[in-house]
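Observations on the model geometry
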Amino acid sequence: MQTLNTSNHAKRGFMRLPRKIISTLLLSGILLSGMEAFAQEGTPLPIATAKLIEVNIPDSTPMTAAAIDLAKVGYTEREFYAEGKANRYRGVLPAAQATGQIIDGDWPYRTRVLVRTPKADKFNGTLVVEWINVTSGQDIDFAFAESYNYLLREGYAVAVVSAQRLGVDRLKTWNPKRYGDLNVTASNSDPQTGQKIDDCPPGTACPGDPLSWDIMTQVSKALKDNAAPTKPLFDLKVRKVIALGESQSAMRLSLYYNTIQPLYKIFDGFVFLDLAQQMRADVNTPAISVNSESLAGYLPPPTTSEYTRIWEVAGASHMSFYAAHYVDNLLLREQSVPSPKGFLNFTQMMEQQGCKLNPLFSKVDTGLVLSAAIESVHQWAESGKPAAPTLQFQRDAKMQVMRDADGKVLGGVRLAQFSVPTAYMAPNGEALGCVLAGHHRDFTKDELKARYGNHQTYVSQVKAALEEVRKNGYLLPLDEDSAVLEAEKSDVAR
């Protein structure tokens, strides 16, 4: 395959080409390593834009529609088919630390995107695009589940993109009439080496999604442009776009950060929730990874740089108790997980793993820190104000997490639910799914009375803990106020 010379002469010649011709050459796979070098010098490559078509199928509703009343908070949700032609890339594999190269193009795709928009007078100018998670066998917007209170309160536009085959295939079986013609498949074999083009780390569901990178890019570009006649964001004017993803989606988005973002520079910031890979130090796009305690002992902590941060949340499970409640409602509404005894919610799905302890999930509210991360990236992209520094757990010389005499992790972001607890939070055995889920046990009234003595002592300790976290930049003031009010209204140690 032909590549472009990277000399100054070649670059000047490239600049004289009309944009339409450049796009054609990119899609045909002619421009590879030279264009990569050119993009890294500061000029992003042209981006093909997905075509958006609003879904209008009578007597059917979108899968993974928000599991809350959006209209009550002034939001509108619409679903669009998104179609276009995507490239395949070489070098976009787990742990990659270099910009990807286009192999070829013209691979057709058709998927969907959910778009949640506030009224114009409430819009803050930023669009958050979540790479939806498919590890449970279907689309679930776990990151939105953790952070929706903040996103809706602050007036973000939110989009949820189905970029992977596992989720798209489940859409098609869930409602063939609505989703039957969706398709995101392409050959996953490198024409030069015969090796896989796209892969996932062991233990994650991933049949190979080589088109997913361009799907995320092209759909986000279409949403940012908000072009007529579709106007998926009505009359909103988008200034900044932030990419968001949880777990497997965080893995893929952090890989996108390393390999695809340097080519197109479509995103102004990234926020990952658990399982982000090592981020490159030479990409000047703000990125924060919020990590739970669940996986702290499984994965080596990535290093961070001028534009990247890692905030580890003490006592947090891979999914919080509060987000699990949101997803429980979503799955029961959709009746998408059948069992011999009826349809399961997410908590029941996790309980089938045979974990040693129930109830599942930690009551440390990871969403509070995730919200602070989104706000920090938003401000970083808007004003250039850097986020609070990396804050991780203390580790020994062998990089093992250190704990106190009671077994509680040392270091990290320590929310009041961890440092002034009303429940016991603990790991849940050695099986990976149970480790991810974690466990909580609410303290009895007698235990709370013995721990705090009286209600006012409890409230004062909560205030002190929250003030420290907020003062250091890992909690938002409004969330601090809400948590203090909740503590004051509680019956803890009364």
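Position numbers for residues count from 1 along each chain, tracking the sequence in the order it is written. Local features in a predicted model are, by the rule used here, given only for residues with pLDDT of at least 70; side-chain atom pairs are given and counted only at 80 or more, and totals for whole chains, interfaces and linings are based on all residues. Excluding hydrogens and water, the side-chain values take into account all heavy atoms of the structure.

**Examining the confidence of the model for the chain**
Keep this limit in mind: Every residue is assigned a pLDDT by the predictor, reflecting its confidence on a scale from 0 to 100. Residue contacts are counted whenever heavy atoms from the two residues lie within 4.5 Å of one another.
When pLDDT is averaged across the chain, the result is 91; 90% of the residues are at 70 or more. Low confidence marks residues 1-34, where pLDDT is under 50. Its contacts with residues over four positions away, or in another chain, come to 54 contacts.

**So, the packing of helix α4 (residues 142-153) against helix α10 (residues 321-334)**
Note the cut-off: Helix axes use the C-alpha atoms of the stretch in contact, all axes being lines fitted to C-alpha atoms, and the angles between their N-to-C directions lie in the range 0 to 180 degrees. Runs of E in the DSSP output that reach at least two residues are strands. Runs of H or I that reach at least four are helices, and both are numbered from the N terminus. Working rule for angles: under 35 degrees goes down as roughly parallel, over 145 as roughly antiparallel, 65 to 115 as roughly perpendicular, anything else as oblique. A clockwise turn of the near helix away from the far one marks a right-handed crossing, whereas an anticlockwise turn of less than a right angle marks a left-handed crossing. Throughout, the ten residues Ala, Val, Leu, Ile, Met, Phe, Trp, Tyr, Cys and Pro are labelled nonpolar, Asp, Glu, Lys and Arg are labelled charged, and all others, Gly among them, are labelled polar.
Two elements in contact, α4 and α10, have axes whose closest approach is 9 Å; the angle formed by their N-to-C orientations is 115 degrees. The angle between α4 and α10 places the two elements in the roughly perpendicular class. For the element pair α4 and α10, the recorded crossing hand is right-handed. In contact with Phe-142, Phe-144, Ala-145, Glu-146 and Tyr-148 of α4, α10 contributes Ala-323, Tyr-326 and Val-327. Its residues assigned to classes, the contact of α4 with α10 shows seven nonpolar, no polar and one charged.

**Some thoughts on helix α16 (residues 455-471)**
Formally: Given a helix with a known number of residues, its expected span is that number minus one, times 1.5 Å. Each residue gets one of three labels from its accessible area relative to the maximum for its type: buried under 20%, exposed over 50%, partly exposed in between, using a 1.4 Å probe on protein chains only. Read the arc as the range of directions from the helix axis to the C-beta atoms.
With 17 residues, α16 should reach 24 Å at 1.5 Å per residue; the first-to-last C-alpha distance of 24 Å fits that figure. Listed as buried for α16 are His-455, Tyr-458, Val-459, Val-462, Ala-465, Leu-466 and Val-469. Across the axial projection of α16, the buried residues extend over an arc of 130 degrees, all falling on one side. Seen from the buried face of α16, the exposed residues on the opposite side, beyond 90 degrees, are Gln-456 and Lys-471. Buried residues along α16 sit against α13 (416-419), α15 (445-452) and α17 (477-489). Gly-473 occupies a position one or two residues after α16 and carries a positive phi of about 100 degrees.

**Some details on unusual backbone geometry**
Residue Ala-228 is joined to Pro-229 through a cis peptide bond whose omega torsion reads 5 degrees. On the secondary structure map, Pro-229 appears in the loop between α7 (212-225) and β6 (240-246). Put simply, Asn-358 and Pro-359 share a cis peptide bond, and its omega is 5 degrees. Tracing the chain through its elements places Pro-359 in the loop between α11 (346-351) and α12 (366-383). One non-glycine residue, Asp-59, lies in positive phi territory at about 60 degrees. With respect to the helices and strands, the residue Asp-59 is situated in the loop between β1 (51-54) and β2 (75-90).

**Some thoughts on the pattern of salt bridges**
Applicable threshold: The rule for a salt bridge is simple: a side-chain nitrogen of Lys or Arg has to be within 4 Å of a carboxyl oxygen of Asp or Glu.
For the coordinates displayed, the defined rule picks out 27 salt bridges. Here Glu-154 and Arg-153 are joined by a salt bridge, their closest N and O atoms 3.0 Å apart. Where salt bridges share partners, they join Glu-79, Arg-112, Asp-139 and Arg-178 into one cluster.

**So, α17**
The terminal C-alpha atoms of α17, which comprises 13 residues, lie 18 Å apart, in line with the 18 Å expected from a rise of 1.5 Å per residue. Along α17, the positions that sit buried rather than exposed are Asp-479, Glu-480, Ala-483, Val-484 and Ala-487. Viewed along the axis of α17, the buried residues span an arc of 135 degrees, placing them on a single side of the element. Pointing more than 90 degrees away from the buried face of α17 are the exposed residues Glu-486 and Lys-489. Here the buried face of α17 lies against α4, α12 and α16.

**Let's talk about the sheet that holds strand β5 (residues 157-161)**
Formally: Note on pairing: two strands pair once DSSP finds at least 2 bridges between them.
The mixed open sheet is built from nine strands, whose spatial order is β1-β2-β3-β5-β4-β6-β7-β8-β9. Because the sheet does not close on itself, it has two edges, and the strands there are β1 and β9 (308-313). Recorded for the sheet is a direction-independent mean angle of 20 degrees between the axes of neighbouring strands. Here strand β4 (residues 126-131) runs beside β5; their pairing, made up of five bridges, is parallel. Across the sheet, Glu-130 pairs through a bridge with Val-160, a residue of β5. Strands in contact with α12 are β4, β6, β7 (269-273), β8 (287-292) and β9; relative to β7, the strand with the most contacts, it is inclined by about 170 degrees.

**Some details on the side chain of Arg-110**
Counted only if it meets this: Definition of a polar contact: a pair of N or O atoms within 3.5 Å, with one able to donate and the other able to accept a hydrogen when the atoms are protein atoms, and with sequence-neighbouring residues admitted only if both atoms are side-chain atoms.
With respect to the helices and strands, Arg-110 occurs in strand β3 (residues 101-118). A polar atom in the side chain of Arg-110 sits 2.4 Å from the side chain of Glu-83. Among the polar contacts listed, one links the side chain of Arg-110 to the side chain of Asp-181, at a separation of 3.1 Å.

**Thoughts on the packing of aromatic side chains**
Spelled out, the test is: By convention, a stacked pair of Phe, Tyr or Trp rings (six-membered ring in the case of Trp) has centres within 6.5 Å and planes under 30 degrees apart, an edge-to-face pair has planes over 60 apart, and any other such pair is tilted. Charges are assigned to positions over rings by a cutoff of 6 Å between ring centre and Lys NZ or Arg CZ, combined with an angular limit of 35 degrees from the ring normal.
Scanning the model with the defined rule gives 16 aromatic pairs in all. Between the aromatic rings of Phe-144 and Tyr-148, the centroid separation amounts to 5.9 Å while the plane-to-plane angle is 35 degrees, which identifies the pairing as tilted. Of this pair, Phe-144 and Tyr-148 are both found in helix α4, four residues apart, which corresponds to roughly one turn of the helix. Residues Tyr-148 and Tyr-326 carry aromatic rings whose centres are separated by 5.3 Å and whose planes lie at 35 degrees to one another, so their mutual orientation is tilted. On the criterion of sequence distance, the pair formed by Tyr-148 in helix α4 and Tyr-326 in helix α10 is long-range, its members being 178 residues apart. Over the face of the ring belonging to Phe-144 we find Arg-116, whose NZ or CZ atom lies 4.4 Å from the ring centre. Here Lys-408 stacks its cationic end above the ring of Phe-418, 4.3 Å away from the centre of that ring.

**Digging into the packing of α4 against α12**
Orientation of α4 relative to α12, taken along the N-to-C sense of each, is 65 degrees, at an axis distance of 8 Å. Taken together, the axes of α4 and α12 are roughly perpendicular relative to one another. Note that α4 runs across α12; the crossing there is right-handed. Between α4, through Ala-143, Glu-146, Ser-147, Tyr-150 and Leu-151, and α12, the contact on the second element is made entirely by Thr-366, Gly-367, Leu-370, Ser-371, Ile-374 and Glu-375.

**Some remarks on the nonpolar core**
Basically, it comes down to this: Throughout, nonpolar core names a set of buried Ala, Val, Leu, Ile, Met, Phe, Trp, Tyr and Cys residues whose side chains join them through atoms within 4.5 Å.
Counting residues in each nonpolar core, the largest one holds 81 residues, and the members touching the most others are Val-290, Trp-311, Val-327, Phe-346 and Ile-374. Those residues in contact with Val-327 that lie beyond four places of it in its chain are Ile-140, Phe-142, Ala-145, Met-319 and Phe-346. Of all hydrophobic cores here, the second largest spans 61 residues; its members include Ala-86, Leu-127, Ala-163 and Tyr-257.

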